[in-house]
Amino acid sequence: MKAKRRAVTASSRVAEQKYPTSPKRPSGTGRGNSTGATIRPSSGRADPPMPVRAGAVDLSVQLGRGLVLPNPILVASGTFGYGIEYGEVVDVDRLGGICCKGTTLKARVGNPTPRVTETPAGMLNSIGLQNPGVDAVIARYAETWATWIVPVLVNVAGESVRDYVEVARRLDGVPGVAGIELNISCPNVGAGGLQFAIDAGAAAEVTAAVRRATDLPLLVKLSPNVADIRPIARAIADAGADALTAINTLSGIAIAPGRGRPLLGNIYGGLSGPAVKPVALRVVYEAAQSVTIPVIAIGGVMELADVLDFLAVGAVAVQVGTAIFADPTLPVRLVDELAAECGRRGLTSYRPLIGTALPKKPAQPSSKGVEYRP
Ligand SMILES: Cc1cc2nc3c(=O)[nH]c(=O)nc-3n(C[C@H](O)[C@H](O)[C@H](O)COP(=O)(O)O)c2cc1C
C-alpha cells in the first residue's frame, strides 16, 4: 500500500457537480490509467490480446463533485470489510474504489445466526448491518484510507432520515472519506418499516436531506425489490444524488433441514451472486435510460464478460461483491483484463464500451410486461 492521498480540489468539486455530458458517453478528463504491465487473454476469447502500453488506456471514471475513480472496477459494500483487512492479499490501490461495510450512527450487533447460506449460483445473507458505528469507523480506518490512492466510499445505513443525515455530517470533511454510498434498503422506522428504497418519495426525501448535510460525492444504491425502478431512479437523481449504484440484494428465504422453519435466524436474507445478474442488468438498463447521472452496476460480476455486459447496458463502472469471497484478487485482475480488452479492440479509453446495448429511443420498461409473455 502506498502513502499517497487522492486530491479533490474545491474547484474540481464545483466544476464536476453533474456528469459533463451523458452517462452513456462520459467525456472524462482524468489522467490515463496505467494497467498494461501484465496482459492476459480475456475469458471466452481465443485471439491473443494486443499489447497495451502502460498508460495507453484511459480507464478513469468521473462521478461528479470532483470524484474521479482511477478505473471502473470497485468492490461492493459488505464484501470487502473496510479494505484494510485485505491489505495483505490485494494491492488495494489498484482498485477503482472501495465501498466499505454498511455504517450506522450507533454500533449494531447484527442479526441472529445463521446469517449466510449458499444457494444455486449465489448466496443469501442476513448480516443485519453489523458495524461499530460511524465514530468508531472514522477513528479506526479513516487515517489509513487517507494514505491510499483508491477512493473509499462509506456505505451509510439508517432507520430514519435523521440517522442518515447525522452519519453524513460526521463523515463530511473527514480526510480519507472520498464519498458516501447511501444504502436505502433499510426499513424507515418513522414510516412503519417501509423501506426507503421502494418508495420514490421516501428515497427522494432521504437523498435530499443527506445532500443538504454534506458536500461529499453522494451515490445512492437502488433496491431491485420494486415493481418499476424508473420513477425511483429519477426521484433520487432529482433530489441531488451524484450517481446511482444498482443493485442491492434480492429478498429471499431458505428452508432449514427438516423443513420445520426458515433457515436464517432473521428468516429473510438478501440473494447475491451470479443468480442475480440478469435482474441487475435489467435494473441498470432501465435506470441508465431514466437519468443523466452515472450508474454503477452491481450484481453477480464473476469475470470480464460480466463487466462488459454491464457497460453495454449503460453502467460507467461495476462493483464486485460475492465473487470476492471465492477470490479476493478478482477485482484487480478485472482491471488488467479490461485494459487488455480495450487494447485488443484498439481503444485508448474504455468509454466506447458504455451503452452499446441501449436502445436509440427509451425502451418500454419491464413493469409494462413487455419483456415477458408466457
Ligand atoms: C455478506 C454481504 C454483506 C452485504 N452488506 C451490505 C451492506 O452493508 N450495505 C450494502 O449496501 N450492501 C451490502 N451487500 C450487498 C452488496 O454490496 C451487493 O449489492 C450485492 O451483493 C450484489 O452484488 P454481488 O452479486 O456481486 O454480490 C452485502 C452483500 C453480501 C453478500
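Residues numbered from 1 in each chain as written. Predicted model: local features only at pLDDT ≥ 70, side-chain atom pairs only at ≥ 80, totals over all residues. Heavy atoms only, no water.

Observations regarding the overall build of the chain
Filter applied, for reference: Comment: elements are numbered from the N terminus, with helices defined as DSSP H or I runs of at least four residues and strands as E runs of at least two. Burial here depends on accessible area, computed with a 1.4 Å probe over protein chains only, as a share of the maximum for the residue type. Under 20% is buried, over 50% is exposed, and the range in between is partly exposed. Note on definitions: a residue-residue contact is assigned when non-hydrogen atoms from the two residues lie within 4.5 Å. The accessible surface values rely on the Shrake-Rupley method and a 1.4 Å probe; as for residues, cover is taken only from the protein chains in view.
A tally of regular secondary structure across the chain gives nine helices and 16 strands. Burial statistics for the chain: of 374 residues in total, 56% are counted as buried. Of the contacts made within the chain by residues no fewer than 6 positions apart, 73% connect residues no fewer than 24 positions apart. Roughly 15,600 Å² of accessible area belongs to the chain as shown, and the carbon and sulfur atoms make up 54% of that amount.

Quick word on helix H2 (residues 134-145)
Where H2 is concerned, the buried positions are Val-134, Ala-136, Val-137, Tyr-141, Ala-142 and Trp-145. On its buried side, H2 packs onto strand S7 (152-156) and helix H3 (161-171).

Comments concerning the packing of helix H6 (residues 277-290) against helix H7 (residues 304-312)
A packed helix pair is summarised by two numbers, namely the angle formed by the two axes and the spacing between the axes. Here is the rule we go by: The convention used is that axes are lines fitted to C-alpha atoms, helices contributing only their stretch in contact, and that angles between N-to-C directions extend from 0 to 180 degrees. Here the word oblique covers every angle except those under 35 degrees (roughly parallel), over 145 (roughly antiparallel) and from 65 to 115 (roughly perpendicular). Gly is put with the polar residues, along with every residue not named as nonpolar or charged; the nonpolar set is Ala, Val, Leu, Ile, Met, Phe, Trp, Tyr, Cys and Pro, and the charged set is Asp, Glu, Lys and Arg.
Orientation of H6 relative to H7, taken along the N-to-C sense of each, is 25°, at an axis distance of 9 Å. Of the possible angle classes, the one that applies to H6 and H7 is roughly parallel. Across from Lys-277, Ala-280, Leu-281 and Val-284 in H6, the residues of H7 making contact are Asp-306, Asp-309 and Phe-310. When grouped by side-chain class, the residues that make up the contact of H6 with H7 number four nonpolar, no polar and three charged.

Quick word on the sheet that holds strand S3 (residues 73-75)
Here is the rule: Note on pairing: DSSP must find at least two bridges between two strands before they are called paired.
Ordered by their spatial adjacency, eight strands build a closed barrel running S3-S4-S7-S8-S11-S12-S15-S16, and the pairing between neighbours is parallel. Direction aside, neighbouring strands of the sheet carry axes that sit 25° apart on average. Bridge count for strand S11 (residues 218-222) against strand S12 (residues 243-246) is four bridges, and the pairing is parallel. Residue pairing across strands places Leu-219 opposite Ala-243, the latter belonging to S12.

Digging into the nonpolar core
Buried together is how nonpolar side chains tend to be arranged in soluble globular proteins. Note the threshold: Definition used in this section: a nonpolar core is a set of buried Ala, Val, Leu, Ile, Met, Phe, Trp, Tyr and Cys residues joined via side-chain atoms within 4.5 Å.
Grouped together as the largest cluster of nonpolar side chains are 106 residues, with contacts concentrated most on Trp-145, Ile-184 and Tyr-350. When residues in this core are grouped by element, the largest group, seven residues, is from helix H9 (residues 330-344). If near-sequence neighbours (up to four positions away) are discounted, Ile-184 is found in contact with Tyr-164, Gln-195, Phe-196, Ala-197, Ala-203, Val-206, Val-220, Lys-221 and Ile-236. In terms of nonpolar packing, the next biggest core, distinct from the first, is built from five residues, Leu-124, Ala-254, Ala-256 and Leu-263 among them.

Thoughts on the pairing of S12
A regular strand places its side chains so that they alternate between the two faces of the sheet. For clarity, the cut-off: Handedness of a crossover is defined as follows: orient the strands so they point away from the viewer, and if the path from the first strand over the helix to the second runs clockwise, the crossover is right-handed.
Residues Ala-243 and Thr-245 point to one face of S12 and Leu-244 and Ala-246 to the other, with burial holding for every one of them. Tracing the backbone out of S11, into helix H5 (residues 229-238) and back to the parallel element S12 gives a crossover that is right-handed.

Notes on the sheet that holds strand S6 (residues 122-125)
The antiparallel open sheet is built from four strands, whose spatial order is S5-S6-S14-S13. Looking at strand neighbours, the two that pair on one side only are strand S5 (116-119) and strand S13 (250-253), the edges of this open sheet. With direction set aside, neighbouring strand axes in the sheet form an average angle of 35°. Where S6 and strand S14 (residues 268-272) come together, three bridges link them in antiparallel fashion. Note on S14: the bridge partner recorded for Asn-125 is Gly-270.

Details of the packing of aromatic side chains
Going by this rule: Any two rings among Phe, Tyr and Trp, with Trp reduced to its six-membered ring, count as a pair given centres within 6.5 Å; such a pair is stacked if its planes are under 30 degrees apart, edge-to-face if over 60, and tilted if neither.
Considering all chains together, one arrives at four aromatic pairs under this definition. Taking 5.3 Å as the distance between ring centres and 85° as the angle between the ring planes, the aromatic pair formed by Tyr-164 and Phe-196 counts as edge-to-face. Taken together, the residues Tyr-164 in helix H3 and Phe-196 in the loop between strand S10 (194-195) and helix H4 (200-213) connect sequence positions 32 residues apart. Given the relative accessible area of 0%, Tyr-164 is considered buried. Relative accessible area serves as the criterion here: at 0%, Phe-196 is assigned to the buried category. Among the aromatic residues, those joined into a ring-pair cluster are Tyr-82, Tyr-141 and Trp-145.

Thoughts on the environment of Leu-264
Its place among the elements puts Leu-264 in the loop between S13 and S14. Put simply, Leu-264 and Arg-115 are 149 residues apart on the chain and 5.7 Å apart in space, counted from C-alpha to C-alpha. Beyond its immediate chain neighbours, meaning those up to four positions away, Leu-264 contacts Pro-114, Arg-115, Val-116, Thr-117, Leu-124, Ser-126 and Gly-269.

Focus: the confidence of the model for the chain
To be explicit about the condition: Residue-level confidence of the predictor is what pLDDT reports, using numbers from 0 through 100.
Scored by pLDDT, the chain comes out at a mean of 87, with 84% of its residues at no less than 70. The model gives residues 1-46 a pLDDT under 50, and that stretch makes 121 contacts with residues more than four places away or in other chains.

Brief notes about the state of the cysteines
We count it as follows: Note that a disulfide, as used here, is simply two cysteine sulfur atoms within 2.5 Å.
One pass over the full model with this rule turns up zero disulfides. This cysteine, Cys-99, is not joined by any disulfide, and Cys-100 carries the nearest cysteine sulfur, 7.9 Å off. With relative accessibility at 0%, the residue Cys-99 sits in the buried group. Given the relative accessible area of 0%, Cys-100 is considered buried.

Some remarks on the environment of Asn-266
Relative to the helices and strands, Asn-266 resides in the loop between S13 and S14. In this structure the C-alpha to C-alpha distance between Asn-266 and Ile-127, which are 139 residues apart in sequence, comes to 8.8 Å. With sequence-adjacent residues up to four places away left out, Asn-266 is seen in contact with Asn-111, Pro-112 and Ser-126.

Quick notes on the site of the ligand
Rules: Any residue with a heavy atom positioned within 4 Å of a molecule or strand is treated as near that molecule or strand. Any N or O atom pair separated by 3.5 Å or less is treated as a polar contact, with the protein-specific requirement of one donor-capable and one acceptor-capable atom, and with residues adjacent in sequence counted only for side-chain atom pairs.
What surrounds the ligand is a group of 23 residues, the closest being Ser-77, Lys-221, Gly-273, Gly-300 and Thr-322. With respect to the ligand, the side chain of Lys-101 contributes an N or O atom lying 3.0 Å from an oxygen atom. Take Asn-248: an N or O atom from its side chain is 3.4 Å from an oxygen atom of the ligand. Protein contacts shield 96% of the accessible area of the ligand, which totals 610 Å² for the unbound molecule. A per-class count over the shell around the ligand returns six nonpolar, 15 polar and two charged.

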